[in-house]
Amino acid sequence: MPKLSSTEWLLEFQRKLHEKAKAEPKFRFYALYDKCYRMEVLVEAYRKAKANGGTSGVDGVTFEDIEKEGIPSYLAGLQLEMKERRYVPKPVRRVYIPKANGKMRPLGIPAIRDRIVQTAFLFILEPIFEADFSSSSFGFRPEKSAHDAVREVYKYLNWGCTEVYDVDLEKYFDTVDHSKLMKLVARRVVDSQVLHVIKQWLSCGYVEEDQHRQSKCGTPQGGVISPLLANIYLNPVDQAFERRDLGARERGSIHVVRYADDLLLLAQRNLDEGVTLLHHLLERLGLTLNREKTRRLRMEIGESVDFLGFRFQNFRSRKSGTRLIMVRPSPKSQARFRARARTLIDDGNPLTIKEQVEQFNRYIRGWMGYFRLGHGTDTFHDLAYFVEKRVRRVIWRRKGLRGYGWGKLTSEYLYGQLHLFNEYRVVRL
């Protein structure tokens, strides 16, 4: 029998772990650590870490440095550290990235060696916990996406689940209680060394302005293992609502749709019961609601709710008089698009107009890949007109002229020669 490649071995082992976890919901896995440092796993972990890219951590080591040393030699050294239980993670390097509201979000960048080990752990742990996760959870999970969550909300609203509780958790990733999280992990994993390393990742702290600060709570955003841990922490919420709805049709189902820490409750009736249950569960987890952003509403005609950058709005059809749920990019998403377009296409930008268009096209392709889901045709038409005016304005300004060149700059020039993006097509929900 031919020897399996590292990819084939890992996929087969993950399949076995998942099947075992699915078949025995109360089984606790006890011999996993030695699988995390198998060379097949470390090779795949390095490949994934390299594919994800990213800059160096606090040690300054880059992927180029590792490749100069030799990947086999580097992974062999890391494997020996893990095997002899000498592996100790380094603190993450903290940087800040802008949020949509103008504030800054802290991001932790682990050292590459730690990203490799975290990825190795993820390969082994994810199939186990995936067996326990609810179908109502969509964030950072294999074969699930934000689009799946959007479709789920759309489905429930069309079912008449118009009582909605729009939940905003206050600094979720910064407030996860380490001891409670470890208890939830230990419900499935009792391998002491695996638990020990996860504790180290949670408590290794961060370096900011050359000062090392400890972490008493939270999961660092930017860590490879953090999304899995975040889902484990909120899984009791998902499961509680799933249990509540089993055989409870007479009380009315209350549906949860969750993407990481973004969460909606939707119900045809009895939403109060769901809100009470949610508050109880969040209190037990030590989480708090952002009272300013959390709101309850009934999706009457004209009402809307935003989720994952989309706006869901209740309309009445002029032709048939029936209720319609329309889905399009939210006003905030549109505003961010316009702000980005102003930056990329601007007379003060030193790039040529063709280079600016090429740069903008890269951005818009990604933006449209996400937002073309739904009923955004009119929105995209407005945004396309906005972008065309920006391009026309820059071209005309650089000629020393005022205006937009209407009648002078043809569509053939803009879309044929400059290749300005013009593929604003929607995808059905």
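Keep in mind that what you see is a predicted model, and the values were worked out from it rather than measured.

Definitions and cut-offs
- Residues numbered from 1 in each chain as written.
- Predicted model: local features only at pLDDT ≥ 70, side-chain atom pairs only at ≥ 80, totals over all residues.
- Heavy atoms only, no water.
- Helix = DSSP H or I, 4+ residues; strand = E, 2+ residues; numbered from the N terminus.
- Buried < 20%, exposed > 50% of the residue type's maximum accessible area, 1.4 Å probe, protein only.
- Core = buried A, V, L, I, M, F, W, Y, C linked by side-chain atoms within 4.5 Å.
- Contact = heavy atoms within 4.5 Å.
- Salt bridge = Lys/Arg side-chain N within 4 Å of Asp/Glu carboxyl O.
- Patch = residues over 30% accessible without salt bridge, like charges linked within 9 Å, V, L, I, M, F, W, Y side chains within 5 Å.
- Areas by Shrake-Rupley, 256 points an atom, 1.4 Å probe, with all protein chains shown as cover.
- Lys, Arg positive; Asp, Glu negative; His and termini not counted.
- Charge placed at Lys NZ, Arg CZ, Asp CG, Glu CD.
- Axes fitted to C-alpha atoms, helices over the stretch in contact; angles between N-to-C directions.
- Parallel < 35°, antiparallel > 145°, perpendicular 65-115°, else oblique.
- Left-handed = near helix turned anticlockwise from the far one by under 90°.
- Phe/Tyr/Trp six-rings, centres within 6.5 Å; stacked < 30°, edge-to-face > 60°.
- Lys NZ or Arg CZ within 6 Å of the ring centre and 35° of its normal.
- Pairing = 2+ DSSP bridges.
- Expected span 1.5 Å × (residues − 1).

**Focus on the environment of Glu-69**
The residue Glu-69 is located in helix H4 (residues 63-69) in this model. The class for Glu-69 is partly exposed, based on a relative accessible area of 48%.

**Some details on the nonpolar core**
Among soluble globular proteins, nonpolar side chains are generally buried collectively. Ranked by internal contacts, the top residues of the largest apolar core, which has 126 residues, are Ile-116, Phe-121, Ile-198, Phe-312 and Val-391. Ranked by residues supplied to this core, first place goes to helix H6 (residues 112-130) with 11 residues. Not counting residues within four places of it along the chain, the set of residues in contact with Phe-121 comprises Tyr-33, Cys-36, Met-82, Val-194, Val-197, Ile-198, Trp-201 and Ile-225.

**Thoughts on the pattern of salt bridges**
For the structure shown, the criterion picks out 25 salt bridges. With its nearest N and O atoms 2.8 Å apart, the salt bridge here joins Arg-15 to Glu-19. Note that Arg-15 and Glu-19 are positioned in helix H1 (residues 6-23) at a spacing of 4 residues, about one turn of the helix. On the basis of relative accessibility, which here comes to 36%, the residue Arg-15 falls in the partly exposed class. A salt bridge links Glu-152 to Lys-155; its shortest N-O distance comes to 3.4 Å. Placement of both Glu-152 and Lys-155 in helix H7 (residues 146-158) is noted, with a separation of 3 residues, approximately one turn of the helix. A relative accessible area of 18% places Glu-152 in the buried class. Here the salt bridges do not stand alone but share partners, grouping Glu-163, Asp-272, Arg-296, Arg-298 and Glu-300 into one network.

**Description of a positive patch on the surface**
A cluster of basic side chains, namely Lys-99, Lys-103, Arg-105, Lys-171, Lys-293, Lys-332 and Arg-336, defines a positive patch on the protein surface. Mapped onto the secondary structure, Arg-105 falls in strand S2 (residues 104-109). The class of Arg-105 is partly exposed, set by a relative accessible area of 32%.

**A look at the packing of helix H13 (residues 331-344) against helix H14 (residues 353-371)**
Interaxial distance between H13 and H14 falls to 10 Å at its minimum, and their mutual angle equals 165°. Taken together, the axes of H13 and H14 are roughly antiparallel relative to one another. The two elements H13 and H14 meet at a crossing, and its hand is right-handed. Where H13 approaches H14, its residues Ser-333, Arg-336, Phe-337, Arg-340, Ala-341 and Leu-344 are matched on the opposing element by Gln-356, Gln-359, Phe-360, Tyr-363, Ile-364, Trp-367 and Phe-371.

**Some thoughts on the packing of aromatic side chains**
To describe a pair of aromatic rings, one takes the distance between the centres and the angle between the planes. On inspection of all chains with the given rule, the structure shows 24 aromatic pairs. Taking the centre distance of 5.2 Å and the plane angle of 45° together, the rings of Phe-310 and Tyr-370 count as tilted. Pair noted here: Phe-310 is in strand S10 (residues 310-316) and Tyr-370 is in helix H14, with a separation of 60 residues, a long-range link. Relative accessible area serves as the criterion here: at 0%, Phe-310 is assigned to the buried category. Taking the relative accessible area as the measure of exposure, Tyr-370 reaches 25% and is therefore partly exposed. An aromatic cluster is built from Phe-310, Phe-337, Phe-360, Tyr-363, Trp-367, Tyr-370, Phe-371, Phe-380, Phe-421 and Tyr-424, whose rings are joined through pairwise contacts. Sitting over the face of the ring of Phe-27, Lys-20 holds its NZ or CZ atom 4.5 Å from the ring centroid. Across the ring face of Tyr-404, the terminal group of Lys-389 is positioned such that the distance to the ring centre comes to 5.0 Å.

**Some remarks on the sheet that holds strand S8 (residues 295-298)**
The 4 strands lie next to each other as S6-S7-S3-S8, forming an open sheet whose pairing is antiparallel. Single-partner strands in this sheet number two, and they are strand S6 (254-259) and S8. In this sheet, adjacent strand axes meet at a mean angle of 15° when their direction is disregarded. When strand S3 (residues 163-168) meets strand S7 (residues 262-267), the two strands line up antiparallel, connected through 6 bridges. Bridge assignment links Val-164 to a residue of S7, and that residue is Leu-266. Strand contacts of helix H11 (residues 226-245): S6 and S7, with the helix running at about 160° to S6, the strand carrying the most contacts.

**Digging into helix H3 (residues 39-52)**
The end-to-end C-alpha distance of H3 is 20 Å, a good match for the 20 Å that 14 residues give at a rise of 1.5 Å each. Restricting attention to buried positions, one finds in H3 the residues Glu-40, Val-41, Leu-42, Glu-44, Ala-45, Tyr-46 and Ala-49. Packed against the buried residues of H3 are H1, helix H2 (33-36), H4, helix H5 (71-83) and H6. Gly-53 sits one or two positions beyond H3 and adopts a positive phi of about 70°.

**Some words on the sheet that holds strand S4 (residues 206-208)**
Spatial strand order, S2-S1-S4-S5: 4 strands in an open sheet with mixed pairing. Where the open sheet ends on each side, the last strands, each with one partner, are S2 and strand S5 (211-213). For this sheet, the mean angle separating the axes of adjacent strands, direction not counted, is 40°. With 2 bridges connecting them, strand S1 (residues 92-98) and S4 associate as parallel partners.

It is worth stressing that arrangement in space is one thing and function is another; only the former is reported here.
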